[in-house]
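Descriptive structure summary
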Amino acid sequence: MPPIKPADLQKIGRQLANRHGKEYWRSLEALAEQPAFGAYLEQEFPRLAEIWNGPVDRRGFLKISAAAMALAGLAGCERQPPEYIVPYVRMPERLVPGKPLFYATTLSATGTGVGALVETHEGRPLRLSGNPAHPASLGALDVFNQAAILDLYDPDRAQTPLFGGEPAAYSRFEAEWRSRYTQLTRQRGRGLHVLTPPLHSPSLAAQLQALLAALPEARWYGHTPLERGGALAGARQAFGQPLEVRYMLERAVCIVSLEADFLGDMPGSLRYARDYSGSRGVHGKRQDSRLYVIESQVSITGAKADHRQPVPPSQLDPVARALAARLGLPVSPPVEQPVPDYWLAALARDLLTRQGQSVVIAGEQQTAAVHLLAHAMNARLGNLGRTIEYYQPPLPSPAQDLAELLAAIAAGEVETLLILGGNPVYDAPADLDLATALPQVPFAVYYGPYANETAAVCRWLVPAAHPLESWGDALAFDGSASPAQPVVQPIYGGIEPLRFLAELRGQLGAQPRQLVRDYWQSRYGDADFDAWWNGSLHDGVFAGMRASAVAAELRPDWNKALPPLPQRQGMELRFAPDPSLWDGSVANNAWLQELPRPLTKLVWGNAVLINPLDAAAAGIAQNQLVQLAHGTWSQQVPAQLQPGQPRGTVTLHLGGGRSAAGRVGNGIGVAAYRLRPAAQPWFTTVQLQPLPAEQQVITTQHHHRMQGREQQLARTTTLQELTAEAARAAEPQPSSSLYPEHRYNGYAWGMLIDIDACIGCNACVIACQSENNVPSVGPEQVRRGREMHWLRIDQYYKGGLEAPKVVFQPVPCMHCEKAPCEYVCPMHATTHSSEGVNEMTYNRCIGTRDCSQNCPYKVRRFNFLSYTGKDALTPAVIGTHNPDVTVRSRGVMEKCSYCIQRINRARMAAQKENRRIRDGEFTTACAEACPTRAIVFGDINDPAAEVSQLKSSRLNYAMLAELNTWPRTTYLPGVRNPNPEIARHEGQ
């Protein structure tokens, strides 16, 4: 597709001004009305073959049609790769062939602990879902922890110790370490330096503390690319001590986010999303909840805001001071700040009228000053102890950082260095050159799961076991503790973390399970410990082990800690964790690389996000390469025009540009760390220079469009309109038929999706992929529009380019009662079940794709190539194949099946007990993973079922109901609750 040019952006601006922001739009290309874009819409699969790129006469068309039919027949008959069945010599206990077993454990892909259930089939871990009993998940699971199952089978994991980059025996490392440890003991640890990421495991922290206690002159350093020192420093300035925070959003009716993406990347986001959605909309406990967001990047929290203000990152501090001053705090307001006075005045009045029921949240990446102001505002509003609690950090943290380690190496003080996890050579700031410093250390050991960039410059690599192969524990965002237990023996021979640390101080043959058990027995005591321990492993939570809230009182001189206001200088570059790749540690995961990022829809790479109006002023087109320069550092990055991006600010996500991630992640994207200064890790000033070259970014925003019907798909309203029962347009009703309609006397399965609750987090997309063996196809195939996800999340904009409102709409198969796809299939491969499910019989499909052409919702996917078996993007995917779901090969159509395998499993269980399936007894994978419960599934023939009750709402609507397809999947609209004062000023 031709890139958007600056002249197009001027045309778009005029077009939106004429619309007055009343209509939805999906992309800048659609607004530009490019001729190439119109042709793109007319083709179901854009630019998939050379034939689409030029005119075709009648003779050529007949040739192509004949060839296509021949290839379709061959493709439909392609044989699956051979698989061999190996019988058990002896059946393991409690194992029933074909029946899964579930184990509770704790995962911490994003740092803090999240409870998970591991589904295993005949001893093989298959799928991860949330643990309903865990306070951090409540049954949901984010994309990173769900995708951890793919990492378990990743053949690129380190499979043997490496000495100087060459395979070596672990016994050789043990011998070298014993000799060195003896010397270190004589020196009381002098010369030993330990570098770790933040610790979230109590038992692992205890082992590290024991090692440091045995070697008292050793030094401990900490490093994380997601640095959050401002949070603890701000609490220390406010209360005189470092405190962690937990929010009770279910009690808050007025929430102010100072760039806190609490629905996306904050610790506890899963729980916060559930609590927040429970107080919103028509079906929430409190319908009058209101969210204000002030941020310097586009985020899913900002997308859900009732009012959002985009500002440059340097201006968060002035805005926070201005708001604090309006709340009556002793703060000098700035002379100028980018948020209108009427907006701040209305926000302050809203907060003051809801004292004790409001909360101000500062983002994890904000400065200590912004956190200090947030604490002061919460204290002023009476929120402490009501909507916000504080607790002491449960685990110790290092007092020294990476810069001090580099200084020690330069001074020749580091003889032995243990790097326990992380990847500092890759993700260190640009001015901390660890890659050059590490070879100077005589004995550097890297312990981690991959032979990554850090391992490449260390003397030793010791492979770490995967969390699903290890005993351990973890702390959640709220200070609650939970166990982690292995569900499989180490596949590639990795060493468990507890065992490794114990052996470092001479405990050879230490058993990790016993180490965890001994630690918690010392905390719990001996009384009934066995029962408590077994119950904790079963439930996945250590009962009663949660950090207690402490009384926090604001210091009277807190405002003296405020530094001078920062000065803004030029274009600002904002760094942010990638919504799919996090900090880059999961770059070798194909599921995550191919997952469309919320709001940008980018896959397989990153780009610099720039406001379209800034791009027009600078002469930057979509996909044009630009050079970002900061001092002596520079990077060339493709440009992505992003509506809602603050003016004068560009955003670059972390996690790209890996060189030693593995066969999937190498060379994908650009390394943002090469522009990142240590003094300001989250934003800096840059020079932005367009280059006379282009690099096409891969985005799915234009894929699977529904023939220009965007105005009729997603719906929103306001709480005021609902309260006043304003007249709504008549809902299109299905046309009656001359023939009697089929009656479903048994089950009739249906789904409802609440757009108001959907936050676009993609948890449902990954859950569907994991449950239904959906393959990853790679960047080139996605570029051609061939991604295979059965569920997509469409997003629509309303308003101008600077701060448009955003609506997320998940779109699975609608399972139409009168499905257009069923009438056109020549092989009856797609049919209607007796329970109303639109089913696919794969071995009937010959790949004509007539069903996809006839589907108005564009939810069917075609296997153009063989994406499984030996042709899979990564061989690891075969380990995650669900045996209850057919593995499709080349030449067949596939789509959402309402997780028919789960329906059948529940039906068989109910039939054995001679009863009906109970409501909530099972649900689809997408509904199970959703943190906000936006997706509800069940039997619509049961009037007491939740899905039936929600569908009875007067707001329930079907997408494209006028087409008379009678979808079984329907929607509730998005509901916003704007502040009337702000709405009057903005003409809403």
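Conventions adopted
Counting from 1, residues in each chain are numbered in the order their sequence is written. For a predicted model such as this one, the threshold for reporting local features is a pLDDT of at least 70, and the threshold for listing and counting side-chain atom pairs is 80 or more; totals across whole chains, interfaces and linings nevertheless cover every residue. Values shown for side chains rest on all heavy atoms present in the structure; no hydrogens or waters enter the calculation. Throughout, an axis means a line fitted to C-alpha atoms (over the contacting stretch in the case of helices), and angles, computed between N-to-C directions, take values from 0 to 180 degrees. Only DSSP runs of H or I with at least four residues qualify as helices, and only runs of E with at least two residues qualify as strands; both kinds are numbered from the N terminus onward. Here the angle decides the label: under 35 degrees means roughly parallel, over 145 means roughly antiparallel, 65 to 115 means roughly perpendicular, and every other value means oblique. Here a residue-residue contact requires only that any non-hydrogen atoms of the pair lie within 4.5 Å. The classification used treats Ala, Val, Leu, Ile, Met, Phe, Trp, Tyr, Cys and Pro as nonpolar, Asp, Glu, Lys and Arg as charged, and all other residues, Gly among them, as polar. Remark: exposure states derive from per-residue accessible area (1.4 Å probe, protein chains only) relative to the maximum for the residue type, with buried under 20%, exposed over 50%, and partly exposed in between. Pairing between two strands is assigned when DSSP locates at least 2 bridges connecting them. The directions from the helix axis to the C-beta atoms form the arc being described. Polar contacts here mean pairs of N or O atoms no more than 3.5 Å apart (in protein, one a potential hydrogen donor and the other a potential acceptor; neighbouring residues in sequence count only if both atoms are side-chain atoms). Paired rings are identified among Phe, Tyr and Trp, the last through its six-membered ring, by centres lying within 6.5 Å, and are further divided according to the angle between planes into stacked (under 30 degrees), edge-to-face (over 60) and tilted (the rest). Think of it as a cone above the ring: NZ of Lys or CZ of Arg counts as a charge over the ring if it is within 6 Å of the ring centre and within 35 degrees of the ring normal. Cysteine sulfur atoms that pair up within 2.5 Å are treated as a disulfide.

**Some remarks on the packing of helix α8 (residues 202–214) against helix α18 (residues 497–504)**
Packing of α8 against α18 leaves a shortest axis separation of 9 Å and a crossing angle of 10 degrees. It follows from the interaxial angle that α8 and α18 lie roughly parallel. Contacts from Ser203, Leu204, Gln207, Leu208 and Leu211 of α8 reach α18 at Pro497, Leu498, Leu501, Ala502 and Leu504. Here the residues of the contact of α8 with α18 are counted per class, giving eight nonpolar, two polar and no charged.

**As for the pairing of strand β14 (residues 388–391)**
Of the two faces of β14, the one carrying Ile388 and Tyr390 and the one carrying Glu389 and Tyr391 are both buried. In the sheet, strand β9 (residues 244–247) pairs with β14 via four bridges, with the strands oriented antiparallel. What sits directly across from arginine 246, in β14, is glutamate 389.

**Let's talk about the sheet that holds strand β31 (residues 749–754)**
The strand order across the open sheet formed by three strands is β38-β31-β39, and the pairing between neighbours is mixed. A single partner strand is all that each edge strand has here, and the edge strands are β38 (935–939) and β39 (969–972). Strand-to-strand twist in this sheet, taken as the mean axis angle between neighbours without regard to direction, amounts to 25 degrees. Strand direction decides the pairing type here: β31 and β38, joined by five bridges, are antiparallel. Looking across to β38, one finds that leucine 752 is bridged to valine 936.

**Section: unusual backbone geometry**
Positive phi values are uncommon outside glycine, yet leucine 138 reaches one of about 50 degrees. For tryptophan 604, which is not a glycine, the phi torsion comes out positive at approximately 50 degrees.

**Things to note about helix α15 (residues 402–410)**
Burial in α15 covers these residues: Leu402, Leu405, Leu406, Ala408 and Ile409. Viewed along the axis of α15, the buried residues span an arc of 160 degrees, placing them on a single side of the element. Backbone nitrogen of alanine 403 and a side-chain oxygen of the N-cap are separated by 3.3 Å at the start of α15; the cap is aspartate 401.

**Looking at the packing of aromatic side chains**
The full count for this structure, using the stated rule, is 30 aromatic pairs. Ring centres of tyrosine 747 and tryptophan 749 lie 5.2 Å apart, and the angle between their planes is 15 degrees; on these two criteria the pair is classed as stacked. In terms of burial, tyrosine 747 and tryptophan 749 fall into one category: buried. Grouped by ring-pair contacts, the aromatic residues Trp471, Tyr519, Trp520, Tyr524, Phe529, Trp532, Trp533 and Phe542 constitute a single cluster. The ring of phenylalanine 163 is capped by arginine 172, whose NZ or CZ atom sits 4.1 Å from the centre of that ring. Here the guanidinium or amino end of arginine 786 rests over the ring plane of phenylalanine 864, the centre of that ring lying 4.1 Å away.

**A look at the side chain of aspartate 275**
Secondary-structure assignment places aspartate 275 in helix α10 (residues 269–277). We classify aspartate 275 as buried; its relative accessible area is 9%. If we skip the residues at most four places from it in the chain, aspartate 275 touches Leu249 and Glu250.

**A look at the sheet that holds strand β8 (residues 219–222)**
To summarise the sheet geometry, strands pair through backbone hydrogen bonds and adopt either a parallel or an antiparallel arrangement. Here we have eight strands laid out as an open sheet, ordered β6-β5-β18-β17-β16-β7-β8-β15, and mixed in their pairing. Taken across any chain shown, the strands that pair with only one partner, and hence form the sheet edges, are β6 (166–167) and β15 (400–401). With four bridges joining them, strand β7 (residues 192–196) and strand β16 (residues 416–420) adopt parallel strand pairing. Considered in β16, the bridge of leucine 195 is made with isoleucine 419.

**Notes on the state of the cysteines**
Summed over the entire model, instances satisfying the criterion amount to zero disulfides. Unpaired in this structure, cysteine 768 has its nearest cysteine sulfur neighbour in cysteine 899, at a distance of 6.4 Å. Look at cysteine 768 and you get buried, because its relative accessible area is 9%.

**Concerning the environment of leucine 372**
Mapped onto the fold, leucine 372 is located in helix α14 (residues 368–380). On a C-alpha basis, the gap between leucine 372 and arginine 236 in space is 8.5 Å, while along the polypeptide they are 136 residues apart.

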